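# What the coordinates show
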Amino acid sequence: MFYQNPNTTHVTELKAGAPTMGGYARLAPAGLASMYRRSNRRFAHTLRGVNTGTGPALMREGVSVRYTAITALGLGHCDDATQRAVLDGESAADLTRHLLRDADSLHEPGELALVAWAAAEVAGIVDADLFARLRVLLEHGDPLATVPTAWMLTAATAARSVSSEQVDVQVVMRKAGRRLMDSQHGSGLFPHGLPTSSAAALRRHLACFADQVYPIQALARLARATTDPDAMLAANRCAARIVALQGDEGQWWWHYDVRDGSVAERYPVYSVHQHAMAPMALFDLAECGGDDHTDAALKGVDWLHIHPEVFSELVDEEHAVIWRKVARRGRRTARTAAALTTSVKPGWHPPGVDWALPANVIDRECRPYELGWLLYAWNSRAGRTIIRPAVPMAGQAPVKSRQPRALLYGMEVDAVTMPEVIERCHGAIASHTPIRIGMVNAAKVIKLRSDAQLRESLAECDLVLADGQSVVWASKVLGDALPERVAGIDLFESLLGLANDHAYGVYLLGARPEVLSAVEAQIARRYPRARIVGSRHGYFTDEEADAVAAGIAASGADMVFLGMTTPKKEHFVGHFSQDLDIPVMHGVGGAFDVMAGLVERAPLAWQRAGMEWAYRLKQEPRRLTMRYVRTNSAFVAATAREFVHRSRL
């Protein structure tokens with residue numbers, strides 16, 4: 001059948017977003033809505049792009065329990081409104097319960113494992129019958145494929161977090177973990193079948209990308225649940241090997257030779273490996289205490305923009321899909337040839353294969369599990385430290401409409417002017433809708449790369465503004481221009497003017513007590529109608545932070561200004577903002593010292609020329625020289641790398 005999308009209104013609503021990871025995660029629910037079969041509460045197996053006599057169309061084919069369970073896992077990380085928009089008014093937990101009702105008819109190990117995983121993680125249900133059946137599969141001793149075995153292990157760790165008393169859950173967790181670890185080769189890679197000898201002789205040395213990422217995820221979770229060092233070692237070894245084999249443009253290759261850990265056949269390159277499966281597994285590994293391969297995950301995502309193999313785009317925003325893969329012409333011939341030659345000698349590839357069978361074909365189909373895993377990966381805790389929640393997490397309010405943004409250094413910066421920011425803040429106070437403000441300058445751009453908590457705090461801000469002129473200049477060089485600098489100290493004073501106009505309550509947090517007293521005196525003199533409802537110096541311990549936050553919450557303030565250093569102020573805001581329920585929170589850094597008269601701000605001419613940093617350097621050369629040399633040179637280098645990267649697009 002040719003699918004004429006009945007959910008057009010949902011798709012229009014859900015598709016907003018630029019082609020970034022945030023945009024992809026906004027695109028995913030719209031694509032999933034077009035793949036959902038309402039009649040039997042299942043997702044289609046494939047949405048295929050085809051040419052008809054009247055032009056291109058999308059054809060929905062088949063149904064898949066596997067893909068339905070995976071999509072339930074992905075949607076389970078989204079807010080309730082998004083789930084119901086995709087699932088015709090039902091939630092991801094409802095969808096999972098429908099799968100459980102039909103579980104008796106399931107026999108394929110992967111389906112059983114995925115439904116058990118979704119039931120535990122999305123619906124909070126540990127289905128005893130499913131785990132009993134998984135236990136039988138593991139204890140029977142018959143060969144199993146690696147991927148379903150990894151899913152069994154992940155399902156068991158999810159169930160254990162719901163109920164640790166189920167004996168079958170413990171057995172499945174122990175036996176699935178042991179099967180995976182016992183099968184890992186010295187190269188660090190996992191085979192396609194368990195044991196390796198269960199595969200056909202010609203292909204038993206081959207394993208695919210999925211055979212690596214799902215065990216990485218499962219064993220990392222096992223290590224976190226049981227503190228098993230062998231599980232974490234196995235996950236780290238495999239992750240290190242696939243990262244070492246990653247392509248120059250971020251490609252995650254398709255087939256590996258498990259004997260020596262080499263690439264057996266590079267193509268197809270699957271989009272889901274790039275945007276979802278690799279990030280999901282590598283993010284899980286880092287979050288469970290393993291090695292951090294975030295850079296490799298992001299490099300893989302970059303391939304979706306670069307894809308040097310083909311000219312056509314892989315992301316189709318009009319139809320809300322990401323096309324499945326880039327493949328060779330004559331893919332079966334290439335696959336057979338690679339299996340034959342590498343079975344004879346590891347690393348031996350037929351000469352001229354790239355010339356004879358070039359990888360320049362886009363497979364124009366999309367499967368629901370691909371978008372499901374995308375939502376799962378990028379709405380995870382680790383994913384949200386890199387992008388803002390494109391689709392709200394469960395329990396959060398839906399994402400508000402936002403101003404245009406520039407994408408710089410992998411983060412989104414709001415392309416707004418000072419009057420627009422003041423208008424946003426005024427509206428937030430009037431509606432008592434909290435708005436968190438983050439500031440970015442050259443030093444912070446560099447610090448973000450090594451401080452995950454700082455990245456997460458900024459990612460969760462409602463406004464991220466260019467505090468430094470260097471960021472504005474860089475945005476123009478990179479072709480994503482910001483309209484102007486919105487300096488933190490200028491915003492501080494403009495917001496005080498707003499407080500003065502409307503008698504808003506202000507709370508001051510930070511600096512030494514004597515500096516704070518001087519700031520209060522200046523505000524009382526220059527902004528007499530602004531109400532100072534409380535203040536607290538910034539010298540408090542982590543143990544005192546809860547009491548400090550409680551004092552702010554009790555003050556009834558409309559605005560909180562944090563005169564603390566980076567990253568302390570961002571960490572405080574990130575940790576306590578939801579509890580404080582304050583409409584406007586703004587970290588002002590050293591602005592308190594300037595207002596108190598302890599530090600002289602650069603003259604206006606220096607500010608307009610973007611040389612405020614040089615004026616500060618002139619004031620404190622011994623303290624700032626080396627810091628500015630390191631930071632500024634690193635920022636220039638980062639901008640150059642970004643420019644080169646964009647020039648390839």
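A few points on the structure. (Residues numbered from 1 in each chain as written. Predicted model: local features only at pLDDT ≥ 70, side-chain atom pairs only at ≥ 80, totals over all residues. Heavy atoms only, no water.)

## With respect to the pairing of strand S13 (residues 325-328)
Each regular strand carries side chains that alternate between the two faces of the sheet. Relative to S13, strand S10 (residues 269-270) runs antiparallel, the two sharing two bridges. Looking across to S13, one finds that Tyr270 is bridged to Lys325. Strand direction decides the pairing type here: S13 and strand S14 (residues 359-363), joined by four bridges, are antiparallel. For Lys325, the partnering residue across the bridge sits in S14 and is Asp363. (Pairing = 2+ DSSP bridges. Helix = DSSP H or I, 4+ residues; strand = E, 2+ residues; numbered from the N terminus.)

## Concerning the packing of aromatic side chains
Both the distance between ring centres and the angle between the ring planes are used here to describe each pair of aromatic rings. Inspection of every chain in the model, using the stated rule, returns 14 aromatic pairs. Geometrically, the ring pair formed by Phe209 and Trp252 is tilted, given 5.5 Å between the ring centres and 35° between the ring planes. Here Trp252 lies in the loop between helix H11 (229-244) and strand S8 (255-257) and Phe209 lies in the loop between strand S7 (206-208) and helix H10 (210-226), a separation of 43 residues in the sequence. Each member of the pair, Phe209 as well as Trp252, is classed as buried. Measuring from centroid to centroid gives 4.9 Å for Phe572 and Phe576, while their planes differ by 45°, and the two rings are tilted. (Phe/Tyr/Trp six-rings, centres within 6.5 Å; stacked < 30°, edge-to-face > 60°. Buried < 20%, exposed > 50% of the residue type's maximum accessible area, 1.4 Å probe, protein only.)

## Describing the packing of helix H5 (residues 92-101) against helix H6 (residues 109-122)
Geometrically, a packed helix pair is captured by the angle between its two axes and the distance between the axes. Relative to each other, H5 and H6 sit at 140°, their axes nearing to 9 Å. Viewed along their axes, H5 and H6 adopt a mutual orientation that is oblique. As for the relative orientation of H5 and H6, their crossing is left-handed in sense. On H6, the residues that touch Ala92, Ala93, Thr96, Leu99 and Leu100 of H5 are Val115, Ala118, Ala119 and Val122. Counted by class, the contact of H5 with H6 contains eight nonpolar, one polar and no charged residues. (Axes fitted to C-alpha atoms, helices over the stretch in contact; angles between N-to-C directions. Parallel < 35°, antiparallel > 145°, perpendicular 65-115°, else oblique. Left-handed = near helix turned anticlockwise from the far one by under 90°. Contact = heavy atoms within 4.5 Å. Nonpolar A, V, L, I, M, F, W, Y, C, P; charged D, E, K, R; others polar.)

## A few points about the pairing of strand S9 (residues 262-265)
Both S8 and S9 contribute to a ladder of three bridges, which runs antiparallel. Within S9, the residue paired with Asp257 across the bridge is Ser262. Hairpin connection from S8 to S9: four residues lie between these consecutive antiparallel strands, with Gly261 at a positive phi of about 70°.

## Overview of the sheet that holds S9
The strand order across the open sheet built from three strands is S7-S8-S9, with neighbouring strands paired in antiparallel fashion. Pairing within the sheet leaves two strands with one partner each, and these edge strands are S7 and S9. Here the average twist between neighbouring strands, direction ignored, is 45°. Across the sheet, H10 touches S7 and S8, and the angle it forms with S7 is around 65°.

## Some words on the pattern of salt bridges
Counted under the stated rule, the structure contains 25 salt bridges. Ionic pairing is found between Arg97 and Asp94, a salt bridge with its closest N-O pair at 3.1 Å. Taken together, the positions of Arg97 and Asp94, both in helix H5 and three residues apart, correspond to about one turn of that helix. Note that Asp168 is salt-bridged to Arg135, the shortest N-O span being 2.8 Å. Of the two residues, Asp168 sits in helix H9 (residues 167-183) while Arg135 sits in helix H7 (residues 128-140), which places them 33 residues apart along the sequence. Each member of the salt-bridge network shares a partner with another, and the members are Arg48, Glu61, Arg324, Glu365, Arg367 and Glu370. (Salt bridge = Lys/Arg side-chain N within 4 Å of Asp/Glu carboxyl O.)

## With respect to unusual backbone geometry
Trans peptide bonds make up the majority, and among non-glycine residues the majority have a negative phi. Between Leu194 and Pro195 the backbone carries a cis peptide bond, its omega angle lying at 0°. Summarising the element assignment, Pro195 is placed in the loop between strand S6 (193-194) and S7. Cis geometry is adopted by the peptide bond preceding Pro268, which originates at Tyr267 and carries an omega value of 5°. Looking at where Pro268 falls in the secondary structure, it is placed in the loop between S9 and S10. Not every positive phi belongs to a glycine, and His307 is a case in point at roughly 20°.

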